[in-house]
Amino acid sequence: MNAPENLTAPSLRIRASSWAGLFDCAYRWEGIHLLGLRNVVGLRAALGTAIHAGTAVFDQGRLDGAGLTADDAAGAMVDKLRDPDNEYDPARDDLTINEAERVGLTLVSKYCTDVSPHYDFVAVEMETKPLDIDCGGGVIVRLTGTMDRARIRKGVGGGVGIADLKSGSAAVQKGAAVTKGHGPQIGTYELLYEHTTGQPITDEAEIIGLKTKGTAEIGTGTIRNAKRVMVGDQDTPGLIEFAAEMFKTGRFYPNPKSLLCSDKYCPRYATCPFHD
Ligand code: SF4
């Protein structure tokens, strides 16, 4: 496997932000991204999207020197929550729109006041240069799109690292962001940053977790060596090599132990024979 730049005529275009899901349950990923299955999300997922919209407006405003305030970010969050891009099923989660708004306002305000100012961001949800992955057998997968929800931050020594915002009902535990399972996403973003800018990632990655259930909390956690896990080394194949094999053979493996293996999160659940 190798990943040369700008091969012509990719067999498949894949959004960079979806790539990591392939390493959670590839069978689910195939259902959503190749077969076009859709699952109806609940209000909590819509709340997550709204919180990310609000925080991104604020951080982009800091970068641009636009003078946006936490109130502006809160407004962007409420607008997105009340008028989401995609429909959601209000009966799917145990919270009302007013409760969702209260949680969102608390988290966005906390983020803008207590968290964001501690970071020196150099890019927010950066657009990436397409990266072609030659899977062999004439199959070329092209990763495109933006680093959804992620920022590039400058570290103390001047090097850069990824900071990825993750929201969810259990995104923070015991005061720290949950990092488990986020390595492939971080590794993909590190790879794409280096490919896009020609500059190396030299700082560790951080997850900034925003907890949307119970007490609204924000915590951080660190991920190291994510890119190496993605590309491998002389002794161990990287996850990209496993992915290339799946694309070449068309065999996408199920993972019934995935945290998303439920009727609520997997649109393939009804027909998938692999779960309990
Ligand atoms: S039901 Fe479970 S095993 Fe089957 S595709 Fe969905 S997440 Fe994967």
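An account of the accompanying structure is given in this report. Think of each chain on its own: its residues are numbered from 1, step by step along the sequence as written. Residues qualify for local features only when their pLDDT is at least 70, as the model is predicted, and side-chain atom pairs are given and counted only at 80 or more; totals for whole chains, interfaces and linings, by contrast, use all residues. Values reported for side chains reflect all heavy atoms of the structure, with hydrogen atoms and water molecules removed beforehand.

This part is about the overall build of the protein chain. Strands are runs of DSSP state E lasting at least two residues, helices are runs of H or I lasting at least four, and both sets are numbered from the N terminus onward. Counting secondary structure elements, the protein chain contains 8 helices and 12 strands. Projecting the C-alpha coordinates of the protein chain onto the three principal axes gives extents of approximately 55 × 50 × 35 Å. Burial classes follow relative accessibility: with a 1.4 Å probe on protein chains only, a residue under 20% of its type's maximum area counts as buried, one over 50% as exposed, and anything between as partly exposed. Here the protein chain, with 276 residues, has 45% of them falling under the buried criterion. In the protein chain, of all internal contacts separated by at least 6 residues, the share reaching a separation of at least 24 is 72%. Here Asp and Glu are counted as negative and Lys and Arg as positive; His is not counted, and neither are the chain ends. To locate a charge, the coordinates of NZ of Lys, CZ of Arg, CG of Asp or CD of Glu are taken. For the protein chain, the distance from the average site of its 30 positive side-chain charges to the average site of its 36 negative ones is 4 Å. In this description, contact between two residues means that some pair of their heavy atoms is separated by no more than 4.5 Å.

Another aspect to go through is the sheet that holds strand β6 (residues 139-144). Reading across the sheet, the 3 strands line up as β1-β6-β5 and stay open at both edges, with mixed pairing between neighbours. Either end of the sheet is taken by a strand with one partner, and the two such strands are β1 (12-15) and β5 (131-136). Pairs of neighbouring strands in the sheet enclose a mean axial angle of 25°, with direction left out of account. Alignment of β1 against β6, held across 4 bridges, turns out to be parallel. The residue bridging Arg13 from the neighbouring strand is Arg142, located in β6. Most of the contacts of helix α8 (residues 239-249) go to β5, to which it runs at about 65°, and overall it touches β1, β5 and β6. Here, a strand pair is defined by DSSP locating no fewer than two bridges between the strands. Angles here are taken between N-to-C directions and fall from 0 to 180 degrees, while the axes themselves are lines fitted to C-alpha atoms, restricted in helices to the stretch in contact.

An order of β4-β7-β8-β11-β12 is seen for the 5 strands of this open sheet, with the pairing classed as mixed. Each of the sheet's edge strands pairs with one partner strand only, and the pair in question is β4 (121-124) and β12 (217-223). On average, adjacent strands in this sheet sit at an angle of 25° to one another, irrespective of strand direction. Sheet topology note: the β4/strand β7 (residues 150-154) ladder contains 3 bridges and is antiparallel. By the bridge assignment for β7, Val124 is matched with Arg151. Along the sheet, helix α3 (residues 43-64) makes contact with β4, β7, β8 (160-168) and β11 (205-211), crossing β4 at roughly 135°. Taken strand by strand, helix α5 (residues 97-115) contacts β4, β7, β8, β11 and β12, and its axis lies near 60° from that of β12.

A few words on the packing of aromatic side chains. Any two rings among Phe, Tyr and Trp, with Trp reduced to its six-membered ring, count as a pair given centres within 6.5 Å; such a pair is stacked if its planes are under 30 degrees apart, edge-to-face if over 60, and tilted if neither. Scanning the entire structure with this criterion turns up 7 aromatic pairs. Taking the centre distance of 5.2 Å and the plane angle of 10° together, the rings of Tyr119 and Phe121 count as stacked. There is no split in this pair, since Tyr119 and Phe121 are both buried. Relative to Phe252, the ring of Phe247 lies with its centre 5.4 Å away and its plane at 80°, an arrangement referred to as edge-to-face.

In this section: the nonpolar core. Judged by nonpolar contacts, the single largest core of 26 residues is most densely connected at Tyr111 and Ile208. For this core, the secondary structure elements donating two or more residues are α3, α4 (70-82), α5, β8 and β11. Per-element accounting of this core gives the leading share, 7 residues, to α5. Sequence-distant contacts of Tyr111, defined by excluding residues within four places in its chain, comprise Thr55, Asp59, Ser116, Pro117, Phe121, Arg151, Leu165, Ile208, Leu210 and Ile218. Take the buried residues of types Ala, Val, Leu, Ile, Met, Phe, Trp, Tyr and Cys, join any two whose side-chain atoms come within 4.5 Å, and each joined set is a nonpolar core.

That's the geometry; what it means functionally is another story.
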